[in-house]
Amino acid sequence: MESIMPEFISSPIFLIIAAVLALFVIIGIVKHTARFLIWIAIIAAILIWIGVVQVPEVREWFENLPK
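Worth saying up front: this structure is predicted, and the values here are computed from it rather than measured.

A. Representation of the overall build of the protein chain in the model. A tally of helices and strands in the protein chain yields 3 helices and 0 strands. N-terminal to C-terminal, the α/β element order of the protein chain is α-α-α. Looking at the 67 residues of the protein chain, the share that counts as buried comes to 1%. When the accessible surface of the protein chain is summed, it comes to about 6,300 Å², and 79% of that surface belongs to carbon and sulfur atoms.

Shown next as structure tokens:
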């Protein structure tokens, strides 16, 4: 029995469909990565803010900055 897969895989229609699907996968990964990085930045900012608020000397230093 002769295999038809090599001809199918190298056909232009299959390559176009594979490229479009790969593009959608890449867009999905980038969107989720951006959302993940935003969450990391928010969590880091909250942790830093909590740390600054808990140290009175640092809090006073930040309060005196605008003066």
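Let's pick the thread back up.
B. Just the confidence of the model for the protein chain, in detail. Looking at the protein chain as a whole, the pLDDT averages 80, with 81% of positions reaching at least 70. In the model of the protein chain, helix H1 (residues 5–9) stands out as the element of lowest mean pLDDT, 65, in contrast to helix H2 (residues 12–54), which has the highest, 86.

C. The arrangement of the environment of Arg59 in detail. Tracing the chain through its elements places Arg59 in helix H3 (residues 56–64). By relative accessible area, Arg59 is classed as partly exposed at 34%. Separated by 10 residues in sequence, Arg59 and Trp49 place their C-alpha atoms 9.7 Å apart.

D. Quick look at a nonpolar patch on the surface. Residues Ile13, Ile16, Ile17, Val20, Leu21, Leu23, Phe24 and Ile27 make up a contiguous nonpolar surface patch of roughly 810 Å² in combined accessible area. Tracing the backbone through its elements, the reader meets Ile13 in helix H2. Ile13 gets classed as exposed once you look at its relative accessible area, which sits at 63%.

Rules of the game
Residues numbered from 1 in each chain as written. Predicted model: local features only at pLDDT ≥ 70, side-chain atom pairs only at ≥ 80, totals over all residues. Heavy atoms only, no water. Helix = DSSP H or I, 4+ residues; strand = E, 2+ residues; numbered from the N terminus. Buried < 20%, exposed > 50% of the residue type's maximum accessible area, 1.4 Å probe, protein only. Areas by Shrake-Rupley, 256 points an atom, 1.4 Å probe, with all protein chains shown as cover. pLDDT = per-residue confidence, 0-100. Patch = residues over 30% accessible without salt bridge, like charges linked within 9 Å, V, L, I, M, F, W, Y side chains within 5 Å. Salt bridge = Lys/Arg side-chain N within 4 Å of Asp/Glu carboxyl O.

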